[in-house]
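Observations on the three-dimensional arrangement
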Protein chains: 2
Amino acid sequence: MPAAADRLAQLHRLPLFAPLDDAALAALARRAAPRAYAAGDILFHAGDACAGVHLLTAGAVRIFKLSAAGRELTLHIQAAPATVAEVPLVDGGPYPASVSAVGEVSALFLRREDFLAVCLEHPQVALAALRVFGQRLRGLVELLEAVTFGGVRQRLARLLLEQAQRSRQQGEPGDVLQVGSQQQLALELGTVREVVSRNLNRFQAEGLIRIHSRALEVLDPDGLRREAEAEL
Amino acid sequence: MPAAADRLAQLHRLPLFAPLDDAALAALARRAAPRAYAAGDILFHAGDACAGVHLLTAGAVRIFKLSAAGRELTLHIQAAPATVAEVPLVDGGPYPASVSAVGEVSALFLRREDFLAVCLEHPQVALAALRVFGQRLRGLVELLEAVTFGGVRQRLARLLLEQAQRSRQQGEPGDVLQVGSQQQLALELGTVREVVSRNLNRFQAEGLIRIHSRALEVLDPDGLRREAEAEL
DNA sequence: GAAGGCATGTGACCAAAGTCATAGCTCTCC
DNA sequence: GGAGAGCTATGACTTTGGTCACATGCCTTC
C-alpha cells in the first residue's frame, strides 16, 4: 500500500482534520513526519519546549503529571485517532504535562507553523480544535471535582467502571478487566499502592468485585456505580 | 456618550475580538445584549443549558464547582475584560461550572450562532479563542497538580501570594490584603473554615503574616513562597 | 526445585483534613 | 451602651491517606 495514500487516510480519521478536503489533507500529509514509539517511551515531558503536534494514528498514550515526591496523576488516556498536546501549539509555551506511550504507538508529527497555517486557511479546523479543547476542559474539571470532593475509593470505583466500559466497547466481555499492577492503578489515581490494595480488598469484601491475579472481575457494577457517585 | 460607540470600545478590549476590524466589531455590537449583575448574583449554574457567551466588560466573576455536601472549589477568578464560559459554545453542551459575580458586573451577552458565524468569517477569532482555551487548560492542570500533590497549607500560601500580586497590580501597597471572610477563603480552596483558621494562625505563629480583622499583612513573602513551592 | 524478583496483603503508625461543640470576639444597629 | 448577628479561635475526636516494615505468594530462570 502506498505510504502516502495510507497517511492520507490516517489524517482523515482525526477529528481535527475531518472537515478538510482531500487536497488540503494531501498538503498536510506531505508535511507530516512519521514517528514510532515503543510501550513506555516518553513522547515528551512537562516543561519541554514544543515544536509541533503529535497526531496519533495507532495505539494510545497516557497524559500525566509527575510530582517531586515521585507520585503521578494521570490526566487522560488518549487512544488513536487523535491529536495530543494541542495547547502549546497555540500559545507557543512549553508542554503542560508529560506523555508516554501505553503500547506501541504510531504518530505523525506536524510542525507548529504548518498547523497554524491550516487553521487560518480552513476555519473549520480551528473550530474542530476548539471542540477538542472543550472536551479536554470538561474532562479536567470533572477530574478536579473528583479529586477535591471525593476520595480515592470513589475515584477507584470510577476508574474500574471506565475500564469496563472501554473493554466492552472493544467487544470484550467487559466484566473481567485486565488491569495492570496495583502500582499502575495507584499512579493513575495519584496515590500509592497500599491504598489501592486496601480499597480493592474492601470492594471484594463487599462483594463488588473479585480479585484474580492481574485481573479483576466485576460482580456488581451497580454497587460500584453507587460507590462512584456517592455524595459528590 | 453614545451607547453604541461605548459598546464597540468594550468589545475591542476583549482578547477574543481584538483581531477584528471596526466594521466586524460594529456588527457584533449590534447583536450583543447588555446585562448587569449585582455582587453575588449567579450568572448561571453548572449543568444549565447554554445559549451563548457572556462578555465581561466591567467587574469580575468567580467560576466554581459545588459539591453535594455544600463545599465549593474556585476554578478561576476572571476579571473584565474577558469572556466567560466559552466551552459550551463550541460543543453545545451544558455549562461545566457555575459562575457568580464577585462585585458589580457588566456584561454583554452574545448568542451562540453569532459567535460561531464570526469564527468562521474571521479565523483569527477562532485562533484567539484557542489561546484563551489554552490558558484555561494550563490553569486547570496547575490547580489539579496543587490539589493532588499539595495540601491546603500550600494552596493557601499560594492564594495569598496571588492576592498580594493582584493588589500590587492595582497600585495598592500589596502587603496588606483585604481578604474576605475565612469562610470565603475556605470556599475558594475547596475546604472548610476551621482548616483555614488553623493554617492562618500557623502562618502567623511562624511570623509569615499578621492577622488583622478582615485583613492580612504579609510580613515575609519569601517565607510564604517557600510554603507554596514546598516539594510539589 | 532452589533462588531471586515482583506483586501483593497487612499491621502499626503518623499526619492532615474534616466534624462537632463551644467560647470569645467584633461589628452594627437601635 | 447593650443585644444580636456573624465571624473567629480552639479543643476533642474521626476518617482518610500516606509511610514503613515485613510476610506471603507467584513466576521465571537457571
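Residues numbered from 1 in each chain as written. Chains lettered and ligands numbered in written order. Predicted model: local features only at pLDDT ≥ 70, side-chain atom pairs only at ≥ 80, totals over all residues.

Attention shifts here to the relation of the copies chain B and chain A. The two copies are related by a screw motion: chain B maps onto chain A through a turn of 180° and a shift of 0.0 Å along the axis, at an RMSD of 0.0 Å. A rotation of that kind, with that shift, is consistent with a two-fold axis. Within chain B, B:P123 has its C-alpha nearest the rotation axis, a separation of 2.6 Å. The share of interface residues of chain B whose copies in chain A are also at the interface is 100%, consistent with both copies meeting through the same surface. (Least-squares fit on C-alpha atoms with pLDDT ≥ 70 in both. Contact = placed C-beta atoms within 7 Å.)

Attention now moves to the interface of chain B and chain A. Between chain B and chain A, the residue contacts involve 36 residues of the former and 36 residues of the latter. Sorting the residues of the side of chain B that touches chain A by element identifies β5 (72-79), α3 (87-91), α4 (112-121) and α5 (123-149) of chain B as the ones contributing at least two each. The greatest single-element share of the side of chain B that touches chain A, amounting to 19 residues, is contributed by α5(B). Counted by class, the side of chain B that touches chain A contains 24 nonpolar, four polar and eight charged residues. (Helix = DSSP H or I, 4+ residues; strand = E, 2+ residues; numbered from the N terminus. Nonpolar A, V, L, I, M, F, W, Y, C, P; charged D, E, K, R; others polar.)

Let us now look at the packing of helix α6 (residues 152-169) of chain B against helix α9 (residues 221-229) of chain B. Residue and element names in this part refer to chain B. The geometry of α6 relative to α9 is characterised by a closest axis approach of 8 Å and an angle of 135° between their N-to-C directions. Here α6 lies oblique to α9, going by the angle between them. By crossing handedness, the relation of α6 to α9 is classed as left-handed. Of α9, the residues touching α6 (which contributes R153, Q154, A157, R158, L160, L161 and A164) are P221, L224, R225, E227 and A228. Taken together, the residues of the contact of α6 with α9 break down into seven nonpolar, one polar and four charged. (Axes fitted to C-alpha atoms, helices over the stretch in contact; angles between N-to-C directions. Parallel < 35°, antiparallel > 145°, perpendicular 65-115°, else oblique. Left-handed = near helix turned anticlockwise from the far one by under 90°.)

Take the protein's contact with DNA strand C next. Of all residues adjacent to DNA strand C, which total 18 residues, the nearest are A:S181, A:Q182, B:G151, B:V152 and B:T191. Listing elements by their share of the surface near DNA strand C, those giving two or more residues are α7 (182-189) and α8 (193-205) of chain A together with α6 and α8 (193-205) of chain B. A total of five residues in the surface near DNA strand C trace back to one element, the largest contributor, which is α8(A). Classifying every residue of the surface near DNA strand C by side-chain character gives six nonpolar, eight polar and four charged. (Near = placed C-beta within 6 Å.)

Residues and elements named next belong to chain A. Domain assignment breaks chain A into domain 1 (4-147) and domain 2 (151-229). Each of domain 1 and domain 2 has a C-alpha centre, and these two points are 28 Å apart. Each side of the interface is counted separately: domain 1 has five residues, and domain 2 has six residues. Top contributing element to the side of domain 1 that touches domain 2 by residue count: strand β5 (residues 72-79), with three residues. Classifying every residue of the side of domain 1 that touches domain 2 gives two nonpolar, one polar and two charged. (Domains from an automatic or database assignment.)

Residue and element names in this part refer to chain B. With antiparallel pairing, the four strands of this open sheet are ordered in space as β1-β8-β3-β6. Taken across any chain shown, the strands that pair with only one partner, and hence form the sheet edges, are β1 (33-37) and β6 (82-84). Adjacent strand axes in the sheet meet at a mean angle of 35°, parallel and antiparallel pairs treated alike. Examined bridge by bridge, strand β3 (residues 52-58) and β6 share three bridges and lie antiparallel to one another. Across the sheet, the residue bridging to L56 is A82, located in β6. On the sheet, α4 packs against β3 and β8 (105-111) and is oriented at approximately 75° with respect to β8. (Pairing = 2+ DSSP bridges.)

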